[in-house]
Amino acid sequence: MGPLSREVWAQRLGAFRASPSAFMAGPEAEDLGRDLLGDLRSEKLSEQTKVSLLALSLEYPAQLWPDASAAEVAATSLLDTLVLLPPRPSALRRPLLLAATTALAVGGALGPTSGASCRLLPLLLGLAVGSDLGRGFVPASEQRPLQATACECLRELESCKPGLLGGSLGLLRGLLGQEGPVQPLSLLLSLALRNTLVLQSRAGAGLGALLTARVSPTGGGPWDWTLVEEGDGHLQPQAPSWPVAEEGEGECSLTAREHNPEEARELRAAVAQLLDTSYLLTPVAQAQLLWLLGWALRGLQGQPPALFKPQLVRLLGTAQLTLMHAVLALKAAFGEALFTAQDETLLLRRLTLAAQHPALPLSTHLFYLHCLLSFPENCPLGPVGEEAAPLLLGPQLCRGLLPSLLHEPMALLARLHLLCLLCAEDEEEEEKGQLPSPGHYLEELLASLWQRAALEGGPRALATLCFQASYLVARCLAGQPTVLTPLIHGLAQLYRARPMLAPHFVDLLDHVGPELREPLKVVLRQEVVSRPGRDEALCWHLQMLARVADGDAQSATLNFLQAAAAHCTSWDLQQGLLQVCRALLRAGVGGGLVDLLQVLARQLEDPDGRDHARLYYILLAHLAGPKLGVALGPSLAAPALASSLVAENQGFVAALMVQEAPALIRLSVGSHEVKGPLPVLQLLPEALEPIYSLELRFRVEGQLYAPLGAVHVPCLCPGRPARPLLLPLQPRRPAPTRLDVHALYTTSTGLTCHVHLPPLFVNFADLFLPFPQPPEGAGLGFFEELWDSCLPEGAESRVWCPLGPQGLEGLVSRHLEPFVVVAQPPTSYYVAIHLPPDSKLLLRLEAAQADGVPVALRTDDWAVLPLVGDYLRGLAAAI
């Protein structure tokens, strides 16, 4: 098939751009990438059409080359097309370089095993340094644009594989003093320098001669991937940011190695060279350069941040937002090591005055306010991450930043945030009558907002702004009762004036902390139940009461509902009334609620409402409090069913049934402890998620053991050590066995689940119990009496017990210490073991040799002889 025409390509590109996913699911998807690569070499298509095809590959590389093999083929084909271009100027060289780079980076094919990568990297580096590639590859008119494009491509690849250009630092550094594109080279060198410093510091190595070597990293051979392979490929993002909360998570804590004097001198020279030419860059590029260099040098011993001081003199008065942001990022990185107290004061005044400028657009105004709210101080007093106003930013300096009703909503909230931080400080003194305290001004502002929101028929935006401001105040000043008390009363008055704002109140209660939520719920409930049940705003009162109703003030709430029931004639009012009943059920309210539900089940006009009331009555009569709360929780069924009762019933089924679930518990057997008249198995539980009311049930195979009781645990939480569980064993014969374990528990969502856990094994040694200790000095006689009692009904045997490096004394102290009756260390031990239910095992360990000890044993139960032999022969391996 020959190349497609321009019209066909225009049609295919239009269909693809209209819906890439739909096009890729169609029949032409498989041929799109192949046709695109083939037609790039066609002489029948114009360069403009080919540029459009390359633009498509740049915009949608993941769709065209979805995997590494496809990306490798595409990059190879694009490089072949680039090499075949005639030596005259062409508009395709730069798009082809970008397309090949994008295919390798997005497709995940970039690496030492990729042939296209081994071709592309030397080509890009040669273009970036202006090398002569031969055969008229780069016409003179395209040399500078291609050099800039090559730098951008290398920067992209260095971002994907940090350390890729570590061996080219000296070569790139030498280009800064020559003619060439300054900005692409500066950004490329700063990124490569930053990545190399981080990776070398992680490896505990220095820069060596990387900054002075002026030769290509290939040296005529393959590309050096050593730094890339040593690094993990995950470095901090390259966007300028602060505050210092990011300190522990990136590479900043890894650059603590001190470079030798030669390396330090070359590093300072390279950084100074980049900073000296930074004024030639655009503001965005300057900000990127400053951030990369600042965070690369942060923490490096022997690299004083004073290198940035000349730039600060130039940038402290800048009107460019990106540069101001970069200055603040440097301040967060270096603090008082770079910024003096005078610098900090100057910067704060600069931000404060800029935020008050009347001609600023809203976005710029918000930027300066955000800088003040997140200002990185030299010596903050509070803990890291605590929100607080800068120490030097007092009420006098912020006089022009106080919020006003004339400001835009976003600006008002930002200024209010700053005002709240000032109120959080204890310094609220009047300044000689010229300026009210921040707390007093905040109270007046909130009163004005409530007054505007209470206007009948007022726009919803005013009400939204009022609640946003109330939430902000509650979040910042949650610990100050002098602020919360008037806030609660003001919100109560607002609800009294406009009950239709009930959805806003419900949303506010869902987001504020308990310091405001609980007292506000009490006040709002009083406001609702004090109204007559026939109020015209009954639907809003029911919606509010469904959120604030609880076990308190039950009689007043039930009286209101009984009065309102007669006026709930429409479906929405009946549903609102039932929602309040549901909330009372979940709160554990009974008594008068039973009578109300019976009345509603008979009198409601809507059959769905009657069914709800009847169901609530049945649940209240038959379920205990915990199960009732679970059954009335959020429905687990899928929505959009015809009847809300059906949906709730499905939720009840899921909540009331025991469900099989994946194992969220790990159970293991701990060390053997000799306690009590029965052997006890020590269990160590571990939870992967919080679980409650855990019941562990055990089943023993066969008839060797009596049935075991269940073990109960009230709560298990991950990461919190749990108390060992003790499981008493009741063997009918002294023999090992296997326990099947079944767990029953409740999840944090209230569901009851069961799961089968891996079986546990009871070893022969887990059954050992000691005999009562004989009187002092009577141990030998007691043992001899037991020894003689085993025959003639029992059995006698001799076993060779291997000894480990610790010898007989170490073996006995580790495994048999509780059962030793007579000891003559280190050569002789008499051991008496009680085997439940009523057997005994006696051991004489005498005349130990270097590699083992002969053991004479007697028992009154011949069936345990094989078990004893296996146990003794395995002791040496267990030491």
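Quick caveat: nothing in here was measured; it's all calculated off a predicted structure.

## Describing the pattern of salt bridges
- Per the counting criterion, the structure on display carries 24 salt bridges.
- With a shortest N-O distance of 3.0 Å, E344 and K331 are connected by a salt bridge. Within this pair, whereas E344 is found in helix α17 (residues 341-355), its partner K331 is found in helix α16 (residues 321-334), the two being separated by 13 residues in sequence. The same class applies to E344 as to K331, namely buried.
- The partner of E796 in a salt bridge is R858, and the shortest N-O contact between them spans 3.5 Å. Taken together, the positions of E796 in strand β10 (residues 795-802) and R858 in strand β14 (residues 852-859) put the pair 62 residues apart, joining distant regions of the chain.
- Linked through salt bridges whose partners overlap, the residues forming this network are R41, D80 and R119.

## Points about the nonpolar core
- Within the largest apolar cluster, 118 residues are counted, with the highest numbers of intra-cluster contacts made by L97 and F308.
- It is helix α14 (residues 283-297) that contributes the most residues to this core, 10 residues altogether.
- Beyond its immediate stretch of four places on either side in the chain, L97 contacts L82, L120, L123, L124, L127, L146, T149 and C153.
- By size, the runner-up hydrophobic cluster in this structure holds 75 residues, among which are L413, L446, A453 and L600.

## Let's talk about the packing of helix α6 (residues 68-83) against helix α7 (residues 93-107)
- In contact at an axis separation of 8 Å, α6 and α7 are set at 165° when each is read in the N-to-C sense. With respect to each other, α6 and α7 are oriented roughly antiparallel. Once α6 is placed against α7, the crossing between them reads as left-handed. Here A68, A71, E72, A75, L78, L79, T81 and L82 of α6 come into contact with α7, specifically with R93, L96, L97, A99, A100, A103, L104 and G107.

## Section: the sheet that holds strand β4 (residues 691-700)
- Taken together, 5 strands build an open sheet; the order of strands is β1-β8-β7-β4-β5 and the sheet is mixed. Bordering the open sheet on either side are β1 (658-660) and β5 (711-716), each of which pairs with just one other strand. Neighbour-to-neighbour, the strand axes of the sheet open up by a mean angle of 30°, direction not taken into account.

## Let's talk about the side chain of S186
- Among the secondary structure elements, S186 is positioned in helix α11 (residues 182-202).
- The exposure class assigned to S186 is buried, which follows from its relative accessible area of 0%.
- In this structure the side chain of S186 is engaged in a polar contact, spanning 2.8 Å, whose partner is the backbone oxygen of V182.
- In this structure, S186 is in contact with L176, L274, T277, L281 and L289, ignoring residues within four places of it in sequence.

## A word on the packing of aromatic side chains
- Tallied over the full model, the rule gives 13 aromatic pairs.
- Their ring planes at 85° and their centres at 4.9 Å tell us that F16 and Y60 sit as a pair that is edge-to-face. Pair noted here: F16 is in helix α1 (residues 6-18) and Y60 is in the loop between α4 (47-59) and α5 (61-64), with a separation of 44 residues, a long-range link.
- Measuring from centroid to centroid gives 5.2 Å for F764 and F768, while their planes differ by 85°, and the two rings are edge-to-face.
- Through a chain of ring-to-ring contacts, the aromatic side chains of F764, F768, F819 and Y871 assemble into a single cluster.
- Lying across the ring of F339, K331 places its NZ or CZ 5.7 Å from the centre.
- In this arrangement the basic side chain of R844 is found over the ring face of Y830, its NZ or CZ atom lying 4.6 Å from the centre.

## A closer look at a nonpolar patch on the surface
- Together, L381, L391 and L392 line one region of the surface with nonpolar side chains, adding up to about 320 Å² of accessible area.
- Tracing the backbone shows L391 in the loop between α18 (362-373) and α19 (409-424).

## Brief notes about unusual backbone geometry
- Here the amide bond leading from L791 into P792 is cis, since omega sits at 10°, within 30 degrees of zero.
- Topologically, P792 is positioned in the loop between α32 (779-789) and β10.
- Each neighbour pair has its own omega, and for P836 with P837 the value is 10°, a cis peptide bond.
- Along the chain, the position of P837 falls in the loop between β12 (828-835) and β13 (839-845).

Definitions and limits used
- Residues numbered from 1 in each chain as written.
- Predicted model: local features only at pLDDT ≥ 70, side-chain atom pairs only at ≥ 80, totals over all residues.
- Heavy atoms only, no water.
- Salt bridge = Lys/Arg side-chain N within 4 Å of Asp/Glu carboxyl O.
- Helix = DSSP H or I, 4+ residues; strand = E, 2+ residues; numbered from the N terminus.
- Buried < 20%, exposed > 50% of the residue type's maximum accessible area, 1.4 Å probe, protein only.
- Core = buried A, V, L, I, M, F, W, Y, C linked by side-chain atoms within 4.5 Å.
- Contact = heavy atoms within 4.5 Å.
- Axes fitted to C-alpha atoms, helices over the stretch in contact; angles between N-to-C directions.
- Parallel < 35°, antiparallel > 145°, perpendicular 65-115°, else oblique.
- Left-handed = near helix turned anticlockwise from the far one by under 90°.
- Pairing = 2+ DSSP bridges.
- Polar contact = N/O pair within 3.5 Å; in protein donor to acceptor, adjacent residues only side chain to side chain.
- Phe/Tyr/Trp six-rings, centres within 6.5 Å; stacked < 30°, edge-to-face > 60°.
- Lys NZ or Arg CZ within 6 Å of the ring centre and 35° of its normal.
- Patch = residues over 30% accessible without salt bridge, like charges linked within 9 Å, V, L, I, M, F, W, Y side chains within 5 Å.
- Areas by Shrake-Rupley, 256 points an atom, 1.4 Å probe, with all protein chains shown as cover.

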